[in-house]
Amino acid sequence: MFPGVTAGYTYEDCSATADWLLAQTAVRPLVGIVCGSGLGGLADMLKDQVAFNYKDIPNFPQSTVHGHAGRLVFGMLKGRPCVCMQGRFHLYEGYPVQKVTLPMRVFKLLGVETVILTNAAGGLNQDYKVGDIMIMKDHLNMPGFAGNNPLVGPNDERFGVRFPCMSDAYDRELQQLAADLGQELGYRDFLREGVYCVLGGPSFETIAECRMLSKLGADAVGMSTVHEVIVARHCGMRVFGLSLITNLSVMDYDSAEKANHEEVLQTGKQRAEQLERLVSTMVTKIEHNNNFA
Ligand code: HPA
């Protein structure tokens, strides 16, 4: 065994989970969606649902966070077969990063080709407002700098290569599609694009940390998504990400603002419908031979 390797899942573990799911639903999803904090409404839009509680799915961890339902939902989103995680796993829940990202490999083995990830994030960019929706164009993987990358450990070539490229992690065609649809939907005033920085959490950032992250080029900060993106890209799925800016990061010692989870959930509720509309419209336009409708 490799030193320091934590609870990873083998290819066979992931296949067993995927096969268990495929045996219980006729839906063959090409798109996998991950709903962030307060954004689980997307899963409710699926028609002809077949839903599984995480606790019933072999190998799946449990979602412990308020605002994350903890269900995997299969169904049709505007006529397209999808699978939706209503709630995700985070490092701060105590899960090793390989558990946090297990669902991406299960998605791949279910036949998913495109992954759409959403999250709630704090806005570092001074031009951002609460309620902005940010198209993720890149990321900063802070836990990764410290060695906590989900691909650490033995590499199974059946998933992907040892050293995967990340300069093309966020699919540019999907970013353009989102920008175009955002214009059509009238989202011009609140649709942004930027760099998302992941931290371990669960404490929110200090003022000095926010200033540092902003200087490093991050536009938004959160506690999720990047690990999933890395694993999804490693196994060859296309990736698209959206951050809902639920609060503005405190950058100033005179500010009385304080980040809190209730605010995050509240903003999620207000903008969630618009974010869901953007995602569901995108899903109808994604063709899986790499062309758009
Ligand atoms: N920081 C980290 N994660 C977050 C924030 C934040 O300000 N808002 C929502 N998720």
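Residues numbered from 1 in each chain as written. Predicted model: local features only at pLDDT ≥ 70, side-chain atom pairs only at ≥ 80, totals over all residues. Heavy atoms only, no water.

1. Here's the deal with the overall build of the chain
Item 1. A count of helical and extended segments in the chain gives nine helices and nine strands.
Item 2. Scaling as 2.2 N^0.38, a compact globule of 293 residues should have a C-alpha radius of gyration of about 19 Å, and the chain matches this with 18 Å.
Item 3. Going through the 293 residues of the chain one by one, you find that 53% of them count as buried.
Item 4. Summarising the internal contacts of the chain: among those between residues at least 6 apart in sequence, 82% fall at separations of at least 24.
Item 5. Only carbon and sulfur atoms are counted for the fraction: they give 50% of the accessible area of the chain, which is about 12,600 Å².
Item 6. Taking the 26 positively charged and 32 negatively charged side chains of the chain as two groups, their mean positions are separated by 2 Å. (Helix = DSSP H or I, 4+ residues; strand = E, 2+ residues; numbered from the N terminus. Rg over C-alpha atoms; globule rule 2.2 N^0.38 Å. Buried < 20%, exposed > 50% of the residue type's maximum accessible area, 1.4 Å probe, protein only. Contact = heavy atoms within 4.5 Å. Areas by Shrake-Rupley, 256 points an atom, 1.4 Å probe, with all protein chains shown as cover. Lys, Arg positive; Asp, Glu negative; His and termini not counted. Charge placed at Lys NZ, Arg CZ, Asp CG, Glu CD.)

2. Quick word on the packing of aromatic side chains
One pair of aromatic rings is described through two measures. These are the centre distance and the angle between the planes.
Item 1. Enumeration according to the criterion identifies eight aromatic pairs in this entry.
Item 2. When the ring of Tyr 54 is compared with that of Phe 60, the centres are 5.3 Å apart and the planes differ by 45°; the resulting orientation is tilted. For the pair shown, Tyr 54 and Phe 60 are each scored as buried.
Item 3. Every member of this aromatic cluster is reached through a ring pair, and the members are Tyr 54, Phe 60, Phe 89 and Tyr 95.
Item 4. In this structure, Arg 105 is placed above the aromatic ring of Phe 159, and the distance from its NZ or CZ to the ring centre is 4.2 Å. (Phe/Tyr/Trp six-rings, centres within 6.5 Å; stacked < 30°, edge-to-face > 60°. Lys NZ or Arg CZ within 6 Å of the ring centre and 35° of its normal.)

3. Digging into the site of the ligand
Item 1. Contacts to the ligand come from Ala 120, Ala 121, Gly 122, Phe 204, Glu 205, Val 221, Gly 222, Met 223, Thr 246, Asn 247 and Val 264.
Item 2. At 2.8 Å from a nitrogen atom of the ligand is found a side-chain nitrogen or oxygen belonging to Glu 205.
Item 3. Contact between the ligand and Asn 247: a nitrogen atom at 2.7 Å from a side-chain N or O atom of the residue.
Item 4. Here the ligand has 260 Å² of accessible area as a free molecule, and 94% of this is covered by the chains.
Item 5. Breaking the shell around the ligand down by element, the ones donating at least two residues are β5 (114-123), β8 (220-222) and β9 (238-248).
Item 6. The leading source of residues in the shell around the ligand is β5, at three residues.
Item 7. Broken down by class, the residue content of the shell around the ligand amounts to six nonpolar, four polar and one charged. (Near = heavy atom within 4 Å. Polar contact = N/O pair within 3.5 Å; in protein donor to acceptor, adjacent residues only side chain to side chain. Nonpolar A, V, L, I, M, F, W, Y, C, P; charged D, E, K, R; others polar.)

4. Some remarks on the state of the cysteines
Item 1. On inspection of all chains with the given rule, the structure shows zero disulfides.
Item 2. Among the cysteines around Cys 165, which has no disulfide bond, Cys 235 carries the closest sulfur, lying 15 Å off.
Item 3. On the accessibility criterion, Cys 165 (44% relative accessible area) is partly exposed.
Item 4. Unpaired in this structure, Cys 210 has its nearest cysteine sulfur neighbour in Cys 197, at a distance of 9.9 Å. (Disulfide = S-S within 2.5 Å.)

5. Observations regarding the confidence of the model for the chain
Reading predicted coordinates in detail is not appropriate for stretches of low pLDDT.
Item 1. Taken residue by residue, the chain gives an average pLDDT of 93. The fraction at 70 or more is 95%.
Item 2. Note that residues 1-6 has pLDDT below 50 and, in this model, five contacts with residues that lie over four places away or in other chains. (pLDDT = per-residue confidence, 0-100.)

6. Examining the side chain of Thr 118
Item 1. Structurally, Thr 118 is set in strand β5.
Item 2. Classification of Thr 118 by relative accessible area gives buried; the value is 0%.
Item 3. Side-chain polar atoms of Thr 118 contact the backbone oxygen of Val 34, separated by 2.9 Å.
Item 4. In this structure the side chain of Thr 118 is engaged in a polar contact, spanning 2.8 Å, whose partner is the backbone nitrogen of Gly 36.

7. Brief notes about unusual backbone geometry
Item 1. Between Gly 201 and the following residue, Pro 202, the backbone shows a cis peptide bond with an omega angle of 0°.
Item 2. Tracing the backbone shows Pro 202 in the loop between β7 (191-198) and α7 (207-215).
Item 3. Phi is positive for Asp 48, which is not a glycine, with a value near 50°.
Item 4. On the secondary structure map, Asp 48 appears in strand β2 (residues 47-53).
Item 5. Its relative accessible area of 63% is what places Asp 48 among the exposed residues.
Item 6. Phi is positive for Asn 59, close to 75°, though the residue is something other than glycine.
Item 7. With respect to the element layout, Asn 59 can be found in the loop between β2 and β3 (71-77).

8. Quick look at helix α8 (residues 226-234)
Item 1. Most of α8 is tucked away: eight of the nine residues are buried.
Item 2. Those residues of α8 that fall on the buried side of the exposure criterion are Val 226, His 227, Glu 228, Val 229, Ile 230, Val 231, Ala 232 and His 234.
Item 3. Backbone geometry just after α8 places Gly 236 at a positive phi near 85°.

9. What about the nonpolar core?
Item 1. Judged by nonpolar contacts, the single largest core of 49 residues is most densely connected at Leu 72, Met 104, Phe 107 and Leu 110.
Item 2. In contact with Leu 72, not counting residues within four places along its chain, are Leu 21, Val 50, Ala 51, Phe 52, Tyr 54, Ile 57, Val 83, Cys 84, Met 85 and Phe 107.
Item 3. Core analysis: the second largest hydrophobic core is formed by 31 residues, Phe 190, Leu 191, Met 282 and Val 283 among them. (Core = buried A, V, L, I, M, F, W, Y, C linked by side-chain atoms within 4.5 Å.)

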